[in-house]
4 protein chains.
Amino acid sequence: MAGVNKVILVGNLGKDPEVRHLESGSVVANLTLATTEAYKDRNGNRVENTEWHDLELWDGQAKVAEQYLRKGSQIFVEGKIKTDTWQDEQGNNRKRTKIRVLSFTMLGSKGGAENNSNSSGSNTMSQPNTGQQQPASMPSGSNMEEEDDLPF
Amino acid sequence: MAGVNKVILVGNLGKDPEVRHLESGSVVANLTLATTEAYKDRNGNRVENTEWHDLELWDGQAKVAEQYLRKGSQIFVEGKIKTDTWQDEQGNNRKRTKIRVLSFTMLGSKGGAENNSNSSGSNTMSQPNTGQQQPASMPSGSNMEEEDDLPF
Amino acid sequence: MAGVNKVILVGNLGKDPEVRHLESGSVVANLTLATTEAYKDRNGNRVENTEWHDLELWDGQAKVAEQYLRKGSQIFVEGKIKTDTWQDEQGNNRKRTKIRVLSFTMLGSKGGAENNSNSSGSNTMSQPNTGQQQPASMPSGSNMEEEDDLPF
Amino acid sequence: MAGVNKVILVGNLGKDPEVRHLESGSVVANLTLATTEAYKDRNGNRVENTEWHDLELWDGQAKVAEQYLRKGSQIFVEGKIKTDTWQDEQGNNRKRTKIRVLSFTMLGSKGGAENNSNSSGSNTMSQPNTGQQQPASMPSGSNMEEEDDLPF
DNA sequence: TTTT
DNA sequence: TTTT
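What counts and how
- Each chain carries its own residue numbering, running from 1 in the written order of its sequence.
- As they are written, the chains are lettered A onward and the ligands numbered 1 onward, keeping that order.
- It should be noted that, the model being predicted, local features are given only for residues of pLDDT at least 70 and side-chain atom pairs only at 80 or more, the latter also being counted only at that level, while totals for whole chains, interfaces and linings use all residues.
- Processing note: side-chain calculations cover all non-hydrogen atoms of the structure and skip hydrogens and water entirely.
- UniProt positions are given in the numbering used here, feature names are shortened, and annotations may be inferred rather than shown by experiment.
- Only runs of H or I of at least four residues qualify as helices and only runs of E of at least two qualify as strands under DSSP, and these elements are numbered from the N terminus.
- To sort residues, take the accessible area from a 1.4 Å probe on protein chains only and compare it with the maximum for the residue type: under 20% means buried, over 50% means exposed, and anything in between is partly exposed.
- The contact definition used throughout considers only heavy atoms, calling two residues in contact when any of these lie within 4.5 Å.
- Per-residue and other accessible areas were derived by the Shrake-Rupley procedure at a 1.4 Å probe size, with only the shown protein chains allowed to occlude residues.
- The predictor rates its confidence in each residue with pLDDT, a number between 0 and 100.
- A residue counts toward the fit only if its pLDDT is at least 70 in both copies, and the copies are then superposed by least squares on the C-alpha atoms of those residues.
- Buried area: the accessible surface (1.4 Å probe) lost by two parts on joining, summed over both.
- Whenever a carboxyl oxygen of Asp or Glu lies within 4 Å of a side-chain nitrogen of Lys or Arg, that contact is scored as a salt bridge.
- Counted as a polar contact is a pair of N or O atoms within 3.5 Å, where, for protein atoms, one must be capable of donating a hydrogen and the other of accepting one, and residues adjacent in sequence contribute only when both atoms are in side chains.
- DSSP-based pairing: two strands are paired if at least 2 bridges between them are found.

- Going by an unreviewed UniProt entry, chain A carries the name Single-stranded DNA-binding protein and comes from Echinicola jeungdonensis.
- Its UniProt record gives chain A a comment under Function (unreviewed entry), which states: "Plays an important role in DNA replication, recombination and repair. Binds to ssDNA and to an array of partner proteins to recruit them to their sites of action during DNA metabolism."
- Taken from UniProt, the Subunit (unreviewed entry) comment for chain A reads in full: "Homotetramer."

Rendered as structure tokens:
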């Protein structure tokens, strides 16, 4: 039976993306995203609760993340839940859940440079990202949506 | 910073709800939900991939789940991701992720019994649910939405 | 700036799909979907409120809708809001809002006919749909997701 | 039958909120939100398409919008679709669709003032909003979620 | 106009 | 462990 497995998150990255370029040519990026919820407890005091999510991006999206996202970046994410299961050395069943990102959008970025006269329309700029703290300016209007060829 | 942490699922229960009535008076229900995705591999063969989700419901919703849901029930779920972290006996950091359900809707239920002449409009029927395979017939139009007083 | 425009609906069709095969070869299906919400008014009486949505599907999805959906069908829909604006004969500004469907899933379909020995895995069955009340049985596990080549 | 009617938007306000304080004591805010989508046409040129949405907020949320939102503000919105229908003077059936907002979150706001030592936890600051271009600084972590007592 |  |  067909089902639906959808996750929508808005939050901030806890650290810079961790990107691996695989021998196969694939690229994987792992992000750590905090979503914070505020509420008042029964005494009326404001309390914050932060949930941390492990995100996984592949290929085109991983490259965009590598180039444009940094610790603290605020993003909107759409994806699905994936849980890996395995047995550890003691033979115990183990699980680990992550979010497979299907699309993401940068938020609040008035976009550093405004000269987005990028007639090719490409979101993937050509120069490599060398600096640690200087993400490239993302062309405005970028919604990284990937044709997902990895079904799981 | 305010965030968003939202999960939307449509799937079928893998088994009957497991419900605990706590001494505090609270009620917790744990459900296990399968969301199945079908796609074609590179050879054009149809492949199915099923993801299993651990759901947690509290109080009013837990009672409704106990009364109306059974193994195989198809439901729409809205909730949020919650990950518990702890250290195991070996001192290793461990995590476990579940979905805290905020609302759910039964789907496709042509309703076992048809005698829903429940003029009170109540969703909480009075007779206890004793049978294993005979869930009570849910009053029509029931969207179990809870005023969530447990912020996390 | 990149944005998000997402609609999620679960409801029932008010009538059979209306399908047009355009000269260009494109196919358009228009559906009318009811989403019903139940609540109690301040006197504790149960009240229902139904919202009607105009859905538009194109090409592959339109064909699937034509073949499998009928008045009363329950579906899960994901799409986006689109509002057309124009001037009427009196020169007044007019608007009309519809939902452009990006994917849909049939719900609760215990599947009329059970003979889904469709080893090709194809969702697009070849025989035309002639009967009014006899939608073809949908191959199981079908989540109609379209590579959307019509950006608006 | 229970249904689902959910809208999720991320965009920017086209103008300042329009707020009316009704004699009944209720407050209504109307917002105009742009969601922009970028894509490449068949010639590979980047094209932007903007959709405008009419949002309606009530009471507590309306007041927060009045105080903190301005033309250009970027927000995340969750709500539902509502279509009003009526007959015009010529007896024609008319419709108008808007989004009834159930919760919203300000995005990208590093928050003007940083001194949000607001121990009361209140999101509703007391001073009236007089300036046109100077929205009050929103206490961080504010997710305006309303207990919706207006079912439609 | 659907559904329960 | 579900469903088709």
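1. Re the overall build of chain A
Working step 1: Along its length, chain A carries one helix and seven strands.
Working step 2: Going residue by residue from the N terminus, the α and β elements of chain A occur as β-β-β-β-α-β-β-β.
Working step 3: Buried residues in chain A amount to 47% of all 152 residues.
Working step 4: When contacts within chain A are restricted to residue pairs at least 6 apart in sequence, long-range pairs at least 24 apart make up 62% of them.
Working step 5: For chain A, the exposed surface amounts to about 7700 Å²; the carbon and sulfur share of it is 45%.

2. Let's talk about the confidence of the model for chain A
Working step 1: Residues of chain A with pLDDT of at least 70 account for 70%, and the chain-wide mean is 81.
Working step 2: Under a pLDDT of 50 for its full length, residues 111-132 of chain A has, in the predicted model, 33 contacts with residues more than four places off or in other chains.

3. Quick look at helix α1 (residues 59-68) of chain A
Working step 1: Here α1 of chain A lies mainly inside the structure; seven of its ten residues are buried.
Working step 2: Of the residues making up α1 of chain A, those classed as buried are Asp59, Gln61, Ala62, Val64, Ala65, Gln67 and Tyr68 of chain A.

4. So, the relation of the copies chain A and chain B
Working step 1: Structural alignment of chain A on chain B gives an RMSD of 0.1 Å, achieved by rotating through 180° and translating 0.0 Å along the axis. Such values leave the two copies arranged in the relation of a two-fold axis. When each C-alpha of chain A is compared by its distance to the rotation axis, Val7 of chain A comes out closest, at 2.3 Å.
Working step 2: The residues that chain A uses at the interface reappear at the interface of chain B in 100% of cases, marking a shared surface.

5. Quick word on the interface of chain A and chain B
Working step 1: In this complex, chain A contributes 31 residues to the contact, which on the side of chain B involves 32 residues.
Working step 2: Between chain A and chain B, a total of about 2700 Å² is buried, with carbon and sulfur atoms accounting for 45% of that surface.
Working step 3: Between chain A and chain B we count four salt bridges in total.
Working step 4: The interface formed by chain A and chain B holds twelve residue pairs in polar contact (both at pLDDT 80 or more) in total.
Working step 5: Among the secondary structure elements, those contributing two or more residues to the side of chain A that touches chain B are β1 (4-13), β3 (27-40), β4 (46-58), β5 (74-87) and β6 (93-106) of chain A.

6. Focus on the pairing of strand β3 (residues 27-40) of chain D
Residue and element names in this part refer to chain D.
Working step 1: Counting buried residues in β3 gives ten out of 14 residues, a clear majority hidden from the surface.
Working step 2: Two strands pair when backbone bridges link them, and strand β2 (residues 18-21) and β3 are joined in this way by four bridges, in the antiparallel orientation. From the neighbouring strand, His21 faces β3, where its bridge partner is Val27.
Working step 3: Counting the residues between successive antiparallel strands, the hairpin from β2 to β3 contains five residues, one of them, Gly25, with a positive phi of roughly 100°.
Working step 4: Bridge count for β3 against strand β4 (residues 46-58) is 13 bridges, and the pairing is antiparallel. By the bridge assignment, Glu37 is partnered in β4 with Asn49.

7. Topic: unusual backbone geometry
Working step 1: A positive phi angle, near 55°, is found at Asp59 of chain A, a position not held by glycine.
Working step 2: Tracing the backbone through its elements, the reader meets Asp59 of chain A in helix α1.

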